[in-house]
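Chains, contacts and geometry: an overview
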Amino acid sequence: MSSEDPRIVELHRRRAIAMGGGGPERVERHRARGRRTARERLLQLFDPHSFQELGMFATARIGDETERIAGDGVVTGFGMIDGRTVFAYAQDATVFGGSLGEMHGRKICQVMDRAVEAGAPVIGLIDSGGARIQEGIYGLGGYAEIFRRNAIYSGIVPQISLLLGPCAGGAAYSPALTDILVMVEGQSYMFLTGPEVVRAVTGEEVDAEKLGGARMHISTSGLAHFVTSTENDALMLARRLLSYLPSNHLENPPLTTPGVEPAQARQVLNTIVPLDPRQPYSMHTVIHCIFDAHSFLEVQEQFARNAIVGLARLEGQPVGVVAQEPEVLAGALDIDASDKITRFVRFCDAFNIPLVTFVDTPGFLPGVDQEYHGIIRHGAKIVYAYSTATVPKLSIVTRKAYGGAYVVMSSKQLNTDVTFAWPSAEIAVMGGEGAASILYRKEIAQAADPKTARAHYAEQYRQQYLNPYVAAEGGFIDEVIEPAETRERLIAALAALRHKAVIPLARRHGNMPA
Ligand code: HXC
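This text gives an overview of the structure that appears in the document. Small disclaimer: the values here were computed from a predicted structure and weren't measured.

On a plain count of helices and strands, the protein comes out with 22 helices and 16 strands. For 514 residues, the compact-globule formula gives about 24 Å, and the C-alpha radius of gyration of the protein, at 26 Å, lands near that figure. Of all intrachain contacts in the protein linking residues separated by at least 6 positions in sequence, the fraction that spans at least 24 positions is 73%. Total accessible area on the protein is roughly 23,100 Å²; 56% of this is exposed by carbon and sulfur atoms. Across the protein, the 50 positively charged side chains and the 57 negatively charged ones have centroids separated by 4 Å.

Quick look at the structure:
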């Protein structure tokens, strides 16, 4: 058929309409807000010339010809990212405000189904007014179909959500169900009920940004894993994220060329832990001294900053890093830190990413507020996550591992494969002052100078118990190592565990505390 053939001409006419989204005026208005169209976003996300669209001519049951032919407000398809197949959908805010109607929902579900059958990740570019009002139950049903797929495909292929515009109402449950959620500062927001409803119901005055903007979700709700300043940065971040992840749960994460030495000299590690146990030091520096240069990609950086989680590489092998930050709350574990650690451990375990855990925590954060809000319920999740994780697990106690926090943070008894400790490690039921006050209460009370007596008994306890050797003698720590040799030790242990295989006990599924 020549291009003059009327059937080809008709195809091109329809294509031109579809590619035009909601029409020039709406596209112009969209661009004027610094936002790209759905197709422009997808072209930016995928390797050049690799994106293949599916369902361009799917139409809504409502609207004029322009809107009807515009793929029902969502562009779906597949392409390559760094040469690997990835499926994606991008909501088109210029067509019915990117709202979700029957065909729109069906297209997203189809792309998710194809992705799982092909064993490839799914990326959703979300920019939507939520359920399409005119389509009523068909929109709501579409969301339910998507949520179900988010849930049953969880842990089968990586699911990433990029919020590039609004995501209001129950629609927010889809990104909340995915593995990674990225928001753009000043551009994306997410809430169940908007500012007007909040004002009407509770009388609170709040704008959309404050109620559900990127800043709020990255620092307070903990829903967002990353915030970027531009949508282009969000798209590039999705590409970078995938470089750490396998395409599905049956594959291992991709190896990159090894031999990228850490950005900071590892000798720093031998003196980084202060002699005074009350003085903080930077666990971020520790991480930068151990993992491949520029490989650490911190997740939820601004939420529960007393805990650190992120992806990194050791001689090109992706690993998940979990740690405490002694500079924030002395590295104590609280409710938010527990949730952050749990979710990340589960994510790494689902996608065959070995876990490396650094421990320096005085314990769970004491307080009425923490107890009332269920610190036990939340802390129990860490135990559950580490105990059931079957990927290679390595841990390094750098300083404090007191009480319950010792147990939950990848202890030997939670089936951690190799447990290291630095000579500065203090593995015990509690710190010196607390132990002295309980064990020598009578002696301290009867002493001429109780303060000096307490300090004396605390020091005596420290000498006897606050070291790594008691734990090493009991087999709880496999090896006490020089901090500067941590990288080599981890690399060797990872290599030894490369083919680790654990067959889980048969059951329907466990019941994780929530
Ligand atoms: C149908 C919609 C729509 C919707 C927007 N539009 N949202 N059409 N259903 N949900 C249309 C508008 O009519 C308009 O059409 C075009 O999209 C652009 O909308 P504007 O309001 O002009 O754009 P903007 O100023 O950018 O504001 C975008 C917006 C706002 C913030 C998304 O439109 C908005 O608040 N929409 C309603 C959001 C909402 O409450 N949705 C329901 C949430 S409940 P024209 O023809 O003028 O271009 C929900 C339940 C899900 O989603 C439950 C799942 C379990």
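Here the narrative resumes.
Attention shifts here to the packing of helix α18 (residues 432-439) against helix α20 (residues 450-465). Running from N to C, α18 and α20 cross one another at 110°; their axes reach a closest spacing of 8 Å. One finds that α18 runs roughly perpendicular with respect to α20. The element α18 and its partner α20 pack so that their crossing is right-handed. Together, Gly-432, Glu-433, Ala-435, Ala-436, Ser-437 and Leu-439 of α18 and Arg-454, Tyr-457, Ala-458, Tyr-461 and Arg-462 of α20 make up the contact between the two elements. A per-class count over the contact of α18 with α20 returns six nonpolar, two polar and three charged.

Of all the five residues making up strand β6 (residues 180-184), five are buried; the element is thus mostly covered by neighbouring parts of the structure. In β6, alternate side chains face the same way, and those of Ile-180, Val-182 and Val-184 on one face and Leu-181 and Met-183 on the other are all buried. Judged from the four bridges that link them, strand β5 (residues 159-168) and β6 form a sheet pairing that is parallel. Paired with Ile-160 across the strands is Ile-180, a residue of β6.

Another point: the site of the ligand. Close to the ligand lie 20 residues, the nearest being Arg-26, Arg-33, Gly-97, Gly-129 and Ala-131. Residue Arg-33 places a side-chain N or O atom 2.7 Å away from an oxygen atom belonging to the ligand. Take Ile-133: an N or O atom from its main chain is 3.0 Å from a nitrogen atom of the ligand. Look at the ligand: alone it shows 1,000 Å² of surface, and the protein chains cover 57% of it.

Here Ala-38 lies in helix α3 (residues 38-45). Once the C-alpha coordinates of Ala-38 and Arg-199 are considered, the two residues, 161 residues apart in sequence, prove to be 33 Å apart. When residues no more than four places from it in sequence are discounted, the contact partners of Ala-38 are Val-75, Ala-90, Gln-91 and Asp-92.

Another point: a nonpolar patch on the surface. A grouping of Ile-137, Tyr-138 and Leu-140 is seen on the molecular surface, where their side chains present a nonpolar patch of about 350 Å² in accessible area. Summarising the element assignment, Leu-140 is placed in helix α6 (residues 137-152).

For α20, which comprises 16 residues, the first-to-last C-alpha distance of 22 Å matches the rise-based estimate of 22 Å (1.5 Å per residue) to within 8%. Looking only at α20, the buried set comprises Ala-453, Tyr-457, Ala-458 and Tyr-461. The buried residues of α20 occupy an angular sector of 135° when the element is viewed end-on, so they sit on one face. Along α20, exposed side chains directed more than 90 degrees from the buried face belong to Lys-451 and Gln-463. Where α20 is buried, its residues contact β15 (426-428), α18 and α19 (441-446).

What follows covers the environment of Val-206. Structurally, Val-206 is set in the loop between α8 (195-202) and α9 (208-212). On the basis of relative accessibility, which here comes to 19%, the residue Val-206 falls in the buried class. Considered as a pair, Val-206 and Tyr-440 are 234 residues apart in the sequence and their alpha carbons are 54 Å apart. For Val-206, the contacting residues outside a window of four places in its chain are Pro-195, Val-198 and Leu-211.

This paragraph deals with the packing of aromatic side chains. Any aromatic ring pair is given by two values, namely how distant the centres are and how the planes are angled relative to each other. In the structure shown here, the tally under the stated rule is ten aromatic pairs. Look at Tyr-143 and Phe-147: their rings are 5.8 Å apart centre to centre, the planes differ by 40°, and that puts the pair in the tilted class. Of this pair, Tyr-143 and Phe-147 are both found in helix α6, four residues apart, which corresponds to roughly one turn of the helix. Members of the aromatic cluster, joined through ring pairs, are Tyr-143, Phe-147 and Tyr-173. The positively charged end of Arg-313 is found above the aromatic ring belonging to Tyr-244, 4.0 Å away from the centroid.

As a further point, take the side chain of His-104. Locating His-104 in the fold gives a position in helix α5 (residues 102-118). Those residues within four positions of His-104 in sequence are excluded, and the remaining contacts are Asp-72, Gly-73, Val-74, Gln-91, Gly-98, Ser-99 and Arg-132.

This part takes up the side chain of Thr-398. One can find Thr-398 in strand β13 (residues 393-402). The contact partners of Thr-398, leaving out residues within four places of it in the chain, are Val-273, Tyr-281, Met-283, Phe-358, Val-359, Asp-360, Trp-422, Ser-424 and Ala-425.

Taken across its eight residues, helix α13 (residues 283-290) has six buried, putting it largely inside the fold. As for α13, its buried residues are in contact with α12 (269-272), β10 (307-314), β11 (317-324), β12 (355-361), β13 and α22 (486-496). You can read the cap of α13 off the contacts: a side-chain oxygen lies 3.3 Å from the backbone nitrogen of His-284, and it is on Ser-282.

It is worth spelling out the pattern of salt bridges at this point. Counted according to the given criterion, the structure contains 33 salt bridges. The partner of Arg-266 in a salt bridge is Glu-261, with the nearest N and O atoms 2.4 Å apart. Under the relative-accessibility criterion, Arg-266 is labelled buried at 18%. Put simply, Asp-360 and Arg-399 hold a salt bridge, and the shortest N to O gap is 3.2 Å. In this pair, Asp-360 is assigned in strand β12 and Arg-399 in strand β13, connecting sequence segments 39 residues apart. Using a relative accessible area of 3% as the deciding quantity, one classes Arg-399 as buried. Within this structure, Arg-35, Arg-36, Arg-41, Asp-127 and Glu-231 form a network of salt bridges that share partners.

Calculation criteria
- Along each chain, residues carry numbers from 1 onward, in the same order as the chain's sequence is written.
- Totals for whole chains, interfaces and linings use every residue, but because this is a predicted model, local features are given only for residues with pLDDT of at least 70 and side-chain atom pairs only at 80 or more, for both listing and counting.
- The side-chain figures draw on all heavy atoms in the structure; neither hydrogens nor water molecules are used.
- For helices the rule is a DSSP run of H or I covering at least 4 residues; for strands it is a run of E covering at least 2, with both sets numbered from the N terminus onward.
- Each radius of gyration is computed over the set of C-alpha atoms, and the globule rule expresses the reference value as 2.2 Å times the number of residues to the power 0.38.
- We call two residues in contact whenever any of their non-hydrogen atoms come within 4.5 Å of each other.
- The Shrake-Rupley method, run with a 1.4 Å probe, gives the accessible areas here. Residue values count only the displayed protein chains as cover.
- A positive count includes Lys and Arg, and a negative count includes Asp and Glu. His and the chain ends are not counted in either.
- Where a charge lies is defined by one atom per residue type, namely NZ (Lys), CZ (Arg), CG (Asp) and CD (Glu).
- All axes here are fitted lines through C-alpha atoms, helices being fitted over the stretch that makes contact, and every angle between N-to-C directions spans 0 to 180 degrees.
- Roughly parallel means an angle under 35 degrees; roughly antiparallel means over 145; roughly perpendicular covers 65 to 115; every other angle is labelled oblique.
- It is the rotation of the near helix from the far one that decides the hand of a crossing: anticlockwise by less than a right angle makes it left-handed, clockwise makes it right-handed.
- Residues are grouped as follows: Ala, Val, Leu, Ile, Met, Phe, Trp, Tyr, Cys and Pro are nonpolar; Asp, Glu, Lys and Arg are charged; all remaining types, including Gly, are polar.
- Partly exposed describes any residue whose relative accessible area lies between the buried limit of under 20% and the exposed limit of over 50%, with all areas from a 1.4 Å probe on protein chains only and scaled to the type maximum.
- A strand pair is defined by DSSP finding two or more bridges across the two strands.
- Think of it this way: one heavy atom of a residue within 4 Å of a molecule or strand is enough to make that residue near it.
- Polar contacts here mean pairs of N or O atoms no more than 3.5 Å apart (in protein, one a potential hydrogen donor and the other a potential acceptor; neighbouring residues in sequence count only if both atoms are side-chain atoms).
- Two joining distances apply to patches: 9 Å for like charges and 5 Å for nonpolar side chains (Val, Leu, Ile, Met, Phe, Trp, Tyr), and every residue must have over 30% relative accessible area and no salt bridge.
- Salt bridges, as used here, are contacts in which a Lys or Arg side-chain nitrogen is within 4 Å of a carboxyl oxygen on Asp or Glu.
- An expected span of 1.5 Å times one less than the residue number is assigned to each helix.
- The arc under discussion is defined with respect to the helix axis, by the directions toward the C-beta atoms.
- Centres within 6.5 Å are what make two rings of Phe, Tyr or Trp a pair, Trp counting through its six-membered ring; a difference in plane orientation under 30 degrees is then read as stacked, over 60 as edge-to-face, and the rest as tilted.
- Cation placement over rings: the criterion is NZ of Lys or CZ of Arg within 6 Å of the ring centroid and within 35° of the ring normal.

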